[in-house]
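Per-entry structural report
Read off the chains here:
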Amino acid sequence: MFRNFLLVGFGGAFGSMARYGVSFIMSKIITSPFPFATFTINVLGSLLIGLLFGLAARSQWMELGGGYLLLASGFCGGFTTFSTFALENINLMQKGQSYTAILYCGLSLVVGLVLCKVGIWLAG
């Protein structure tokens, strides 16, 4: 169990550093009011977690060797939690739970924005 925490933590550290690196580099290249760095991180993370999820079904190392914990939960989790959000919604839709996926998307967006504003208000 402790090994699993270490795998996730190690992957998360590298994911966080990669997120910072991509944001830093993109801020030097692109100046726009659109948050291209965050958008890029979110879509790349979604692609990566999809690839890892697909590979996990075919690779014992991904599942039993801790590769999925290191790369999907750890790296992708540190890089972006949007990737997990995207995967959870795809899984819901594939299970025929489209209503739940739509509800999850809507609530996450609305409640997330409202609570972010509340956090700013509380801090101010």
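Residues numbered from 1 in each chain as written. Predicted model: local features only at pLDDT ≥ 70, side-chain atom pairs only at ≥ 80, totals over all residues. Heavy atoms only, no water.

Re the nonpolar core
Heads up, the rule is: Only buried Ala, Val, Leu, Ile, Met, Phe, Trp, Tyr and Cys residues count toward a nonpolar core, and they belong to the same one when joined by side-chain atoms within 4.5 Å. Here the term buried applies to any residue with accessible area under 20% of the maximum for its type, exposed to any over 50%, and partly exposed to those in between, with areas from a 1.4 Å probe on protein chains only. By the criteria applied, helices consist of DSSP H or I runs no shorter than four residues and strands consist of E runs no shorter than two, each listed in order from the N terminus. Two residues form a contact once any of their heavy atoms are found within 4.5 Å.
Of all hydrophobic cores here, the largest spans seven residues; its members are Ile 49, Leu 52, Ala 56, Tyr 68, Ala 72, Cys 76 and Leu 87. Taken together, the elements giving at least two residues each to this core come down to α2 (36–56) and α4 (67–79). Beyond its immediate sequence surroundings of up to four residues, Ile 49 is in contact with Ala 72, Cys 76, Ser 83, Thr 84 and Leu 87.

Describing the layout of surface pockets
Over the atoms, a rolled probe matching the size of one water molecule traces out where space is still vacant. To keep it simple, the criterion reads: Only protein atoms enter the 1 Å grid used here. Points where a 1.4 Å probe fits but cannot escape make up a cavity, open sets with protein on both sides within 12 Å along at least five of seven lines make up a pocket, and a residue lines them when an atom lies within 4 Å of a point. Grid points are joined across faces, edges and corners, and a volume is the space filled by probe spheres set on the points. Each residue gets one of three labels, nonpolar for Ala, Val, Leu, Ile, Met, Phe, Trp, Tyr, Cys and Pro, charged for Asp, Glu, Lys and Arg, and polar for the others, Gly among them.
Computed from the structure, the largest pocket encloses a volume of approximately 220 Å³. What lines the largest pocket is Thr 81, Phe 82, Phe 85, Cys 105, Ser 108, Leu 109, Gly 112 and Leu 113. For the lining of the largest pocket, the secondary structure elements donating two or more residues are α5 (82–94) and α6 (98–123). Broken down by element, the lining of the largest pocket gets its largest block of residues, five residues, from α6. For the lining of the largest pocket, a count of residues per class yields five nonpolar, three polar and no charged.

Quick look at the packing of α2 against α5
Selection rule: In this analysis an axis means a line fitted to C-alpha atoms, helices contributing only their contacting stretch, and an angle means the value between N-to-C directions, from 0 to 180 degrees. Comment on the angle field: the value is read as roughly parallel under 35 degrees, roughly antiparallel over 145, roughly perpendicular from 65 to 115, and oblique elsewhere. Working rule for handedness: look at the near helix, and if it is turned counterclockwise from the far one by less than a right angle, call the crossing left-handed; if clockwise, right-handed.
The geometry of α2 relative to α5 is characterised by a closest axis approach of 8 Å and an angle of 55° between their N-to-C directions. Between α2 and α5, the angle falls in the class oblique. In this structure, the crossing between α2 and α5 has a hand that is right-handed. Listed contacts from α5 to Asn 42, Gly 45, Ser 46, Ile 49 and Phe 53 of α2 are Phe 82, Ser 83, Thr 84, Ala 86, Leu 87 and Asn 91. Partitioned by chemical class, the residues of the contact of α2 with α5 number five nonpolar, six polar and no charged.

What about α2?
Quick note on the threshold: Here a helix's expected span is defined as the number of its residues, less one, multiplied by 1.5 Å.
In this model α2 runs 30 Å from its N-terminal to its C-terminal C-alpha over 21 residues, within 8% of the 30 Å that 1.5 Å per residue would give. Within α2 the residues assigned to the buried category are Ala 37, Thr 40, Ile 41, Asn 42, Gly 45, Ile 49, Leu 52 and Ala 56.

Examining the confidence of the model for the protein
As a reminder of what qualifies: The predictor reports its confidence for every residue as pLDDT, a score running from 0 up to 100.
Per-residue confidence for the protein gives a mean pLDDT of 89; residues scoring 70 or more make up 97%. Highest mean pLDDT in the protein belongs to helix α1 (residues 2–29) (95); lowest belongs to helix α3 (residues 60–63) (69).

What about the packing of aromatic side chains?
Definition in use: Planes of paired rings set the category: under 30 degrees apart is stacked, over 60 is edge-to-face and the rest tilted, where pairs are Phe, Tyr or Trp rings (Trp by its six-membered ring) whose centres lie within 6.5 Å.
In this structure the tally under the stated criterion is seven aromatic pairs. Note on Phe 10 and Phe 14: the rings are 5.0 Å apart at their centroids and 65° apart in plane angle, and the pair reads as edge-to-face. Within this pair, Phe 10 and its partner Phe 14 are both found in helix α1, separated by four residues, close to a single helical turn. On the basis of relative accessibility, which here comes to 42%, the residue Phe 14 falls in the partly exposed class. Their ring planes at 45° and their centres at 5.7 Å tell us that Phe 82 and Phe 85 sit as a pair that is tilted. Of this pair, Phe 82 and Phe 85 both sit in helix α5, three residues apart, which is roughly one turn of that helix. Of the residues examined, Phe 82 reaches a relative accessible area of 36% and is grouped as partly exposed. Looking at Phe 85, the relative accessible area reads 18%, which means it is buried. Site record: aromatic cluster; members linked through ring pairs are Phe 34, Phe 36 and Phe 39.

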